[in-house]
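# Reading the structure
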Amino acid sequence: MVSMAWNDKTIRWAIIGFALLAAAGWLLPTWILNNVMFGLARGLAVLGLLVLWRTGLVSFGHALYFGLGAYAVALLEKYGGVTDVFLKFGAAIIVAGVFGFLLGFVLRNYRAIFFAMLSLAFSMVLYGVLVKMEVLGSTDGFSVTQNTILGWKPDGKYPLFCFIVLTCVIALSAVQLYLKSALGHLTTAIRDNELRVEYLGYSVARAIHVKYLASACLAGAAGGAMAMALGQVDPDSMVNWTVSGELVFITIMSGAGSVVAPFIGAIVFEFIRTYAFELAPQAWQLIVGGTLLAIIFFLPGGIWSLLEKPWAKGEADNG
Amino acid sequence: MSSNLFKLVGRTVLAGGALAAMVATGPAIAKDTINVGIASFLTGPAAGPFGVPGRNGAELVIDAINAGTLPAPYAKAGFAGAKMNPIFVDESGGNAKQVGEYRNLVEKRGVDAVLGYISSGTCMAITPVAEELKKLTVLSVCGTPRVFEESNRTYVFRTQAHAVGDSIAAARYVLDKFKDQKGYTGINQNYAWGQDSYKFFDITMKKLAADTKASDNPQFPKIFAGQYGTEISTLSLDPAKLVHTSFWGGDIEAFVLQALVRGFFKDKQVISSVGGSAVDSLGKKFPDGVVMGTRGEYGLLVRNKDEPLNKWFVNEYKKRYNAYPLGPSYQYASSVLAYKIAMDAAAEKAGGFPTQDQTMAALKGLSWQSFGGKVSLSLADGHQAVHPVGYGITKWDKDKKEPSVSDVKFYAPGCIYAPAGQKSADWLAAGMPGAKC
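Notes on the structure follow. (Residues numbered from 1 in each chain as written. Chains lettered and ligands numbered in written order. Predicted model: local features only at pLDDT ≥ 70, side-chain atom pairs only at ≥ 80, totals over all residues. Heavy atoms only, no water.)

### Looking at the overall build of chain B
- Counting its secondary structure elements, chain B contains 16 helices and 14 strands.
- Within the span of chain B, comprising 437 residues, buried residues form 61% of the whole.
- The long-range share in chain B, meaning contacts at least 24 apart out of those at least 6 apart in sequence, stands at 68%.
- Accessible surface, chain B: about 17200 Å² in total, of which carbon and sulfur atoms supply 55%.
- Looking at chain B, you have 48 positive and 39 negative side-chain charges, and the mean spots of the two groups are 2 Å apart. (Helix = DSSP H or I, 4+ residues; strand = E, 2+ residues; numbered from the N terminus. Buried < 20%, exposed > 50% of the residue type's maximum accessible area, 1.4 Å probe, protein only. Contact = heavy atoms within 4.5 Å. Areas by Shrake-Rupley, 256 points an atom, 1.4 Å probe, with all protein chains shown as cover. Lys, Arg positive; Asp, Glu negative; His and termini not counted. Charge placed at Lys NZ, Arg CZ, Asp CG, Glu CD.)

### Observations concerning the environment of Val233 of chain A
Residues and elements named next belong to chain A.
- Take Val233: it is sitting in strand 2 (residues 232–233).
- As for Val233 and Gly67, which are separated by 166 residues in sequence, their C-alpha atoms are 8.3 Å apart.
- If we ignore the near neighbours within four places in the chain, the residues touching Val233 are Ala70, Tyr71, Ala74, Asp140, Gly141, Phe142, Val144, Ala227 and Met238.

### Details of the pattern of salt bridges
All names here are of chain B.
- This structure, assessed with the given rule, holds 24 salt bridges over all chains.
- Asp288 is paired through a salt bridge with Lys395; the nearest N and O atoms lie 3.7 Å apart. Linking Asp288 in the loop between helix 11 (276–282) and strand 9 (291–293) with Lys395 in strand 13 (residues 389–397), this pair joins segments that are 107 residues apart in sequence.
- The exposure class assigned to Asp288 is partly exposed, which follows from its relative accessible area of 44%. (Salt bridge = Lys/Arg side-chain N within 4 Å of Asp/Glu carboxyl O.)

### Description of the layout of surface pockets
- Looking at the second largest pocket, its volume works out to about 640 Å³.
- Along its surface, the second largest pocket is lined by 29 residues, and Thr145, Gly156 and Lys157 of chain A together with Arg103 and Glu132 of chain B are the ones closest to its centre.
- Of all the secondary-structure elements, those providing two or more residues to the lining of the second largest pocket are helix 3 (30–54), helix 7 (158–180) and helix 10 (204–230) of chain A together with helix 3 (95–108) and helix 4 (120–133) of chain B. (1 Å grid on protein atoms, 1.4 Å probe; cavity = no way out; pocket = protein on both sides within 12 Å on 5 of 7 lines; lining within 4 Å. Points joined across faces, edges and corners; volume = space filled by probe spheres on them.)

### Examining unusual backbone geometry
Residue and element names in this part refer to chain B.
- In this structure, Pro73 follows Ala72 across a cis peptide bond, with omega equal to 5°.
- Relative to the helices and strands, Pro73 is located in the loop between helix 2 (47–67) and strand 2 (83–90).
- Not every positive phi belongs to a glycine, and Asn322 is a case in point at roughly 55°.
- Tracing the backbone through its elements, the reader meets Asn322 in the loop between helix 12 (308–321) and helix 13 (327–350).
- Look at Ala380: it is not a glycine, yet its phi comes out positive at around 50°.
- When you line up the elements, Ala380 lands in the loop between strand 11 (374–379) and strand 12 (384–386).

### With respect to empty space enclosed by the protein
Residues and elements named next belong to chain B.
- Applying the stated rule across the entire model yields five cavities of 30 Å³ or more.
- Estimated volume of the largest cavity: approximately 170 Å³.
- Lining the largest cavity are 18 residues, and of these Val274, Gly276, Thr294, Gly327 and Pro328 lie nearest its centre.
- For the lining of the largest cavity, the secondary-structure elements that each account for two or more residues are helix 2, helix 11 and helix 13.
- Across the lining of the largest cavity, the residue classes break down as six nonpolar, nine polar and three charged. (Nonpolar A, V, L, I, M, F, W, Y, C, P; charged D, E, K, R; others polar.)

### Section: helix 8 (residues 229–237) of chain B
Residues and elements named next belong to chain B.
- When we look at burial in helix 8, the residues that qualify are Gly229, Glu231, Ile232 and Leu235. Take helix 8 and look down its axis: the buried residues cluster within an arc of 165°, on one side only. Opposite the packed face of helix 8, turned more than 90 degrees from it, sit the exposed residues Thr230 and Leu237.
- Summarising the contacts, the buried residues of helix 8 are in contact with strand 6 (184–186), strand 7 (242–245), helix 9 (249–261) and helix 10 (264–267). (Arc of directions from axis to C-beta.)

### Focus: the pairing of strand 11 of chain B
Residue and element names in this part refer to chain B.
- Of the strand pairs in this sheet, strand 10 (residues 367–369) and strand 11 are connected by three bridges, and their pairing is antiparallel. Pairing of Trp368 across the sheet is with Val375, part of strand 11.
- Hairpin connection, strand 10 to strand 11: the antiparallel pair is bridged by four residues.
- Looking at chain direction, strand 11 and strand 12 are connected through three bridges and run antiparallel. For Leu379, the partnering residue across the bridge sits in strand 12 and is Gln384.
- Connecting strand 11 to the antiparallel partner strand 12 that follows it, the hairpin turn spans four residues, and Ala380 within it adopts a positive phi of roughly 50°. (Pairing = 2+ DSSP bridges.)

### Overview of the state of the cysteines
Residues and elements named next belong to chain B.
- Applying the stated rule across the entire model yields two disulfides over all chains.
- Paired through a disulfide, Cys123 and Cys142 show a sulfur-sulfur distance of 2.1 Å. With the S-S bond torsion at -95°, the cross-link from Cys123 to Cys142 turns out left-handed. Taken as a pair, Cys123 in helix 4 and Cys142 in the loop between strand 4 (137–139) and helix 5 (146–149) lie far apart in primary sequence, 19 residues in all.
- What makes Cys142 buried here is its relative accessible area of 0%.
- With its sulfur 2.0 Å from that of its partner, Cys415 forms a disulfide with Cys437. Between Cys415 and Cys437, the S-S torsion sits near 85°, and that sign places the bridge as right-handed. (Disulfide = S-S within 2.5 Å.)

### Some details on the sheet that holds strand 6 of chain B
All names here are of chain B.
- The strand order 6-7-8-9-13-14 describes an open sheet built from six strands, whose pairing is mixed. This sheet does not close on itself; its edge strands, each paired only once, are strand 6 and strand 14 (402–411). Within this sheet the neighbouring strands show an average axis-to-axis angle of 25°, counted without direction.
- Bridge count for strand 8 (residues 269–272) against strand 9 is two bridges, and the pairing is parallel. Within the sheet, the bridge partner assigned to Ile271 lies in strand 9 and is Val291. (Axes fitted to C-alpha atoms, helices over the stretch in contact; angles between N-to-C directions.)

Written out as structure tokens, the structure reads:
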């Protein structure tokens, strides 16, 4: 398995790249470290959306899992007193996974706009519940302030940064191996012609269910990582439809060309937002939206298409 | 070659470290300008009624302090002699985004302090980060008592009293003015501010007038719903005559306009805790006889108060922005002023430009004459302000063609806030022991 992963060009380069990033993190000023960390966390969710997108599905409701992950972390700390990063992170993935598995039975039967809207509806149900319940923090949410790693309470954010980098490498490698497997190759096949896939003897519904579950787990992981990196959860920043929209935004901006693209796109997004906010406090949304328009018009393949071309020959086999 | 390079790098690092250590322990270096982040809603629904009036209030006072044109006793120019360069930032986009932006202000743009914040949610979210980053932060508007009651704070101050007093003062006011009412109900937005506002009003009413019946059907529509037909019908059918609302901005305007055409204000006595912006924006259309609060000695309630500082503020604000200053204008101006007073006092004491610790020591427990009235940082070990909170009854002034208020009554801090060291909810539940009214 490990050698299989190392033989994959994308994974090999990603591991090297992320290792360099982790090393660079030691020297980076805190604000850059924070923004990269937020970008990586969001990138995990975008990676899940990429899998769905390649299948031809766009979910406008992955904030549901992002929020479940984030709230799992926050509630576990607030009511359970759990501070361990591994436990909180595991809980985020499990909670999102359970919900993703159950809702998958419904959503796997829908395509296109129906899939998008139904997933949006489910996410807004969670939003409504959170806003109305004071025990769940209502609109104010909670702080997540304690992060320990196996009993050790680190000073500063760097250890958490390394943890998130490691998570991203593992997630990215797993998705890359999945996409190269037989089931993974069905991804684009389903988008192109569902009926043919069925005639080949595969269950489209089941294949979509697996992808949906994977994307839910990734979004849950992203929410959990975000909650720990940011130190705060609340419905508007974690569960609202705007969060789902942001994730779709980053997916389009990144491009579906590679499993590395979501992370690059998400980090770029964080910096665009930071600078837009700094330059135009009254019109920063305009700059962020304008960027997306520009990318759709001039770079239909997303940011990845800029990086892809020089490497196109070597990477062709990875699709 | 490479070993020489290593030595050079090593020496530079050592020298730099020594220099940094010297700077950290020595006296602060005098500055010509200080950079201060000022956060308020510049976009979204809260920008019109809160964010922009707040920003303007801060801007007006900062410019006056930089130029030394504030009336006595604050005529000395600058903040400990330094000019303030305000960095206005947008508070919208959710708590998580604000935490990120707060970090950017402190870690990337290196501000000397952060002032502002309107939403309770934002204040709760950035407070732990302010403590973590050890940056002096003065909250201006937000109301939740949780900021200081859940934990002791070192670097965070709030120049606005917390929201429990607004609800207690509202209950006391209606009991003073409208004694024999057949009960009360409410319409509040279904989020933390609305839920808390009605909860504290409800408990106070139960404690002070146990025979006044609480409605079993208070309304909690979604925030920014905009359409309140159903809620207005339900409230109209309710026998309760008093209707408490903490609506603000577009919601209070929509509610008032929709209630007006249904003759709601003829049958009901509405008590609005923060609807002040609608009184000005609706003008003649705003009904007479509504009990209106401004969360302190601010805005509509002190518009004609004859004190030099207040007159200066109202006149200058009107001249520059062509509108009357609203509650948030006063609240932001008050934070800026408190920061200046603390900086000046600390500079005098230290005999030079003050460090952050010296400024914080001067700010702790500060009592000052602000634009609307006196404010004292007397709760939470000198970090949380108290000041009187009042209500008045709206009336359109036909001669001046502008809104006015009558029957203004302010309640002293001792009457509406839990004494230092007690949690507001516990104090209320115990029946407000020791309240001096």
